[in-house]
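Summary of structural features
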Amino acid sequence: MREGLARAFALDLIGVLGDVVGIDALIIVTGEPELGFVGRQVGASVVEDRALPSADPLNRAIDLGRSHAAVIRPRSPIVVVPADLPALTAHATDQALHKLAQVRSSFVPDESGAGTTLLAAAEPSLLRPAYGPGSARLHAAQGAQMVVDVDPRVRRDVDTVRDLQEAVALGVGPRVRSIVEGLRASPSGACATA
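My aim in this report is to walk through the structure given alongside it, one point at a time. Values in this document were obtained by computation on a predicted structure and should not be read as measured data.

Here we look at the pattern of salt bridges
- Inspection of the entire model under this criterion finds 13 salt bridges.
- The partner of Arg 7 in a salt bridge is Glu 32, and the shortest N-O contact between them spans 2.8 Å. Residue Arg 7 is found in helix α1 (residues 2-18), and its partner Glu 32 is found in the loop between β1 (27-30) and α2 (33-41); the two are separated by 25 residues along the sequence.
- Looking at Glu 32, the relative accessible area reads 30%, which means it is partly exposed.
- Overlapping salt bridges, with partners in common, bring together Arg 156, Asp 157, Arg 162, Asp 163 and Glu 166 in one network.

Brief notes about the packing of α1 against helix α8 (residues 174-185)
- Remark: α1 packs on α8, axes separated minimally by 7 Å, with the N-to-C direction vectors making an angle of 150°. Overall, the two elements α1 and α8 adopt an arrangement that is roughly antiparallel. Residues Gly 4, Leu 5, Ala 8, Phe 9, Leu 11 and Asp 12 of α1 touch α8, and the partners they reach there are Pro 174, Arg 175, Val 176 and Ile 179.
- For the contact of α1 with α8, the class distribution of residues is 7 nonpolar, 1 polar and 2 charged.

Here's the deal with α2
- When we look at burial in α2, the residues that qualify are Leu 35, Gly 36, Val 38 and Gly 39. Buried positions in α2, seen along its axis, are confined to an arc of 165° and lie on one side of it. More than 90 degrees from the buried face of α2, the exposed residues found are Pro 33, Phe 37, Arg 40 and Gln 41.
- Where α2 is buried, its residues contact α1, β1 and β2 (45-48).
- Positive backbone phi, at 85°, marks Gly 43, one or two positions downstream of α2.

Focus: the sheet that holds strand β5 (residues 116-121)
- Strand order in the open sheet formed by 4 strands is β3-β5-β4-β6, and the pairing between neighbours is mixed. Each edge of the open sheet carries a strand with a single partner, namely β3 (78-80) and β6 (145-146).

Concerning the side chain of Asp 12
- Among the structural elements, Asp 12 can be located in helix α1.
- At 3.2 Å, the side chain of Asp 12 and the backbone nitrogen of Arg 175 are in polar contact.
- Aside from chain neighbours lying at most four places away, what touches Asp 12 is Gly 173, Pro 174, Arg 175 and Val 176.

Description of the environment of Asp 49
- As for its placement among the helices and strands, Asp 49 is situated in the loop between β2 and α3 (57-72).
- With 77 residues separating them in the primary sequence, Asp 49 and Leu 126 have C-alpha atoms 22 Å apart.
- Those residues within four positions of Asp 49 in sequence are excluded, and the remaining contacts are Val 29, Thr 30, Gly 31, Arg 60, Ala 61 and Leu 64.
- Here the side chain of Asp 49 touches Arg 60 through a polar contact of 2.8 Å, side chain to side chain.

As for the nonpolar core
- Counting 27 residues, the largest nonpolar core has Leu 17, Val 81, Leu 100, Leu 118 and Val 154 as the members making the most contacts within it.
- Breaking this core down by element, the ones donating at least two residues are α1, α2, α4 (90-100) and β5.
- Looking at which element gives the most residues to this core, the answer is α1, with 6 residues.
- In this structure, Val 81 is in contact with Leu 13, Leu 17, Leu 88 and Leu 118, ignoring residues within four places of it in sequence.
- Counting 11 residues, the second-largest nonpolar core is a separate cluster that includes Val 80, Leu 119, Tyr 131 and Ala 144.

A look at the packing of α1 against α2
- One can describe the packing of α1 onto α2 by two numbers: an axis separation of 10 Å at closest approach and a directional angle of 10°. Compared by their axis directions, α1 and α2 come out roughly parallel. Side by side, α1 and α2 meet where Arg 7, Ala 10, Leu 11 and Ile 14 of the first sit next to Glu 34, Leu 35, Val 38 and Gly 39 of the second.

Looking at the side chain of Asn 59
- Position of Asn 59 relative to the elements: it lies in helix α3.
- Separated by 3.0 Å, the side chains of Asn 59 and Asp 56 make a polar contact.
- Within the local environment of Asn 59, its side chain forms a polar contact with the backbone oxygen of Tyr 131, the two atoms lying 2.9 Å apart.
- Setting aside its immediate chain neighbours within four residues, Asn 59 contacts Pro 129, Ala 130 and Tyr 131.

Cut-offs and rules
Residues numbered from 1 in each chain as written. Predicted model: local features only at pLDDT ≥ 70, side-chain atom pairs only at ≥ 80, totals over all residues. Heavy atoms only, no water. Salt bridge = Lys/Arg side-chain N within 4 Å of Asp/Glu carboxyl O. Helix = DSSP H or I, 4+ residues; strand = E, 2+ residues; numbered from the N terminus. Buried < 20%, exposed > 50% of the residue type's maximum accessible area, 1.4 Å probe, protein only. Axes fitted to C-alpha atoms, helices over the stretch in contact; angles between N-to-C directions. Parallel < 35°, antiparallel > 145°, perpendicular 65-115°, else oblique. Contact = heavy atoms within 4.5 Å. Nonpolar A, V, L, I, M, F, W, Y, C, P; charged D, E, K, R; others polar. Arc of directions from axis to C-beta. Pairing = 2+ DSSP bridges. Polar contact = N/O pair within 3.5 Å; in protein donor to acceptor, adjacent residues only side chain to side chain. Core = buried A, V, L, I, M, F, W, Y, C linked by side-chain atoms within 4.5 Å.

This is the structure:
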């Protein structure tokens, strides 16, 4: 169930990002053929993540995307958008991107204040991903400016069942909504969304 939900997060997010006015080029790093296929349908560049053993797979994947961006758009702004933001909308993303672009390096903390959702830089060479436990503190220590005045959808990542409940209350994409509705209809899954 968790794997299906993670895939639904990513597929819905690709659709959202394809509608963001402020994004000129979308780069998707994935080892999943379905995500790559959907990404290409919205005009994204797809960088294959070959899932090499790594102690830090998320930051390694982000670096793959950053390296690709450095080749195709070396002087353009860059933003990392993790897949675990199921309540994100194109409008909320556009507003956040405008605020993040005001400084050379910036990030949005998650709702708890400890993690990071979006991470942005004025160009790929300035991006320093440090996702993981305490990432907000790490990004701030590297000189990135924290931006908290954004739509709550931008800060609502999902690490727990409660996070998912809060994301659903904000509104989620069609694939995530379908899974959540299926859980609510199932007696064994009712506790996951109650």
